[in-house]
Amino acid sequence: MSASTMPAQTTADIAHAYRQERAKRAKRSAVLKHIFLILTSLVMIYPLIWMFAASLKPDNQIFGDLGLWPSEFQWENYSEGWNALPVSFTTFFWNSTVVTVLSVLGNVISCSFAAYAFARLEFSGKTIWFALMMMTLMIPYHVVLIPQYILFLNLGWVDSYLPLIVPKFLAGDAFFIFLMIQFFRQLPRELDEAAMIDGCSPFKIYWAIIMPLSLPAMATAAIFSFIWTWEDFLGPLVYLNDMKDYTVPLALRSFISTDGVSQYGPMFAMSILSILPILLFFIIFQRLIIRGIAMSGLK
């Protein structure tokens, strides 16, 4: 081997060793990252694991035994919990389904209309109305709770689902409006101009062009609306008085008795069943959530 070739070979060996060492460091870093994420995930899902274990324990062992594994499996907690209250949980799940489905439809339809107006149309006072709409994001729900209750009481809507559903059809959720506005603004304006040349009205443009292209954003709004409405406790607590009209969160609260006699096993069993729709809904549509948020520009 000539002397002229030795430096080149030495450099190649050094570069190869450096690449191997960098690959080892990257592999170690990836392993440590995955270990950290797994441990963090276990910490986050531990309450769900504990609740599932508690749903299979007798009442006297739920808070007295710190272990997760039940000494005896009480599968009857699920059947007892389903019929433990004067009204069956079939009714409660149906009530929650009705309220949630109508609320999701109302939010998606009304908020998309409002977002389309702010993002694609020109009208007087647009900037002021948009600023006022964004300001409502900073108003806590509890601030407007009493005025809304007085309004619905005067309308005769208390003890019905109308206060829970009708506001959803009036574009009252600024978060979903803003989410869709950010998405609509990314769509090319040339689509609107071409449609207007063809004689389309603003509503026709929305229906035939904007809405089909905005399914990720609308799906994201629908998913969040589904989750928030299904688990809402305060709204039904304020407006619903008759147990046969209760939603699932209110029914779960009925297991806790003020006289100290509470059915914790059946309550946790029904709690597990109550989160299954949310869990399944999220798992099925999680790609749309990520895509909708990413394409809307929210960070």
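About the cut-offs
- Residues numbered from 1 in each chain as written.
- Predicted model: local features only at pLDDT ≥ 70, side-chain atom pairs only at ≥ 80, totals over all residues.
- Heavy atoms only, no water.
- Phe/Tyr/Trp six-rings, centres within 6.5 Å; stacked < 30°, edge-to-face > 60°.
- Helix = DSSP H or I, 4+ residues; strand = E, 2+ residues; numbered from the N terminus.
- Buried < 20%, exposed > 50% of the residue type's maximum accessible area, 1.4 Å probe, protein only.
- Lys NZ or Arg CZ within 6 Å of the ring centre and 35° of its normal.
- Salt bridge = Lys/Arg side-chain N within 4 Å of Asp/Glu carboxyl O.
- Domains from an automatic or database assignment.
- Contact = heavy atoms within 4.5 Å.
- Buried area = accessible area lost by both parts, 1.4 Å probe.
- Polar contact = N/O pair within 3.5 Å; in protein donor to acceptor, adjacent residues only side chain to side chain.
- Nonpolar A, V, L, I, M, F, W, Y, C, P; charged D, E, K, R; others polar.

Asks: Just checking my understanding: could you explain the packing of aromatic side chains for this structure?
Replies: Each aromatic ring pair is specified by the distance between its two centres and by the angle formed by the two planes. Tallied over the entire structure, the rule returns 28 aromatic pairs. Ring centres 6.0 Å apart and planes at 45° place the aromatic pair Phe 93 and Trp 230 in the tilted group. Residue Phe 93 is found in helix α4 (residues 89-120), and its partner Trp 230 is found in helix α11 (residues 215-230); the two are separated by 137 residues along the sequence. Neither residue differs from the other here; Phe 93 and Trp 230 are each classed as buried. Taken together, a centroid distance of 5.7 Å and an interplanar angle of 50° make the contact between Phe 175 and Trp 228 tilted. Of this pair, Phe 175 sits in helix α8 (residues 174-184) while Trp 228 sits in helix α11, and the two are 53 residues apart along the sequence. In textbook terms, an aromatic cluster arises when at least three aromatic residues are bridged by ring pairs, as seen for Trp 82, Phe 89, Phe 92, Phe 93, Phe 226, Trp 230, Phe 255 and Phe 281. Cation over ring: Arg 185 sits above Phe 130, and NZ or CZ is 5.5 Å from the ring centre.

Asks: Hey, could you run me through the pattern of salt bridges in this one?
Replies: Pairing of side chains with opposite charge becomes possible as their charged atoms draw close. Counted by the stated rule, this structure contains four salt bridges. Residues Asp 192 and Arg 120 are paired through a salt bridge, measuring 2.9 Å at the closest nitrogen-oxygen approach. Placement of Asp 192 in helix α9 (residues 189-197) and of Arg 120 in helix α4 is noted, with a sequence separation of 72 residues between them. Arg 120 carries the same exposure label as Asp 192, and that label is buried. Between Lys 244 and Asp 242 there is a salt bridge, with its nearest N and O atoms 3.8 Å apart. Note on Lys 244: relative accessible area 47%, which makes it partly exposed.

Asks: How should I be thinking about the domain arrangement of the chain in this particular structure?
Replies: Reports often express the size of an interface as the amount of accessible area lost when the parts come together. When cut into domains, the chain gives domain 1 (2-54) and domain 2 (78-296). Put simply, the middle of domain 1 and the middle of domain 2, counted by C-alpha atoms, are 42 Å apart. Counting residues at the interface gives five residues for domain 1 and six residues for domain 2. Taken together, both faces of the contact between domain 1 and domain 2 bury some 450 Å²; the carbon and sulfur share is 85%. In terms of surface lost to domain 2, no three residues of domain 1 exceed Met 51, Phe 52 and Ala 54, which account for 78% of the buried area on that side. Taken together, domain 1 and domain 2 are joined by zero salt bridges. Joining domain 1 to domain 2, the criterion identifies zero residue pairs in polar contact (both at pLDDT 80 or more). In terms of residue class, the side of domain 1 that touches domain 2 is made up of five nonpolar, no polar and no charged.

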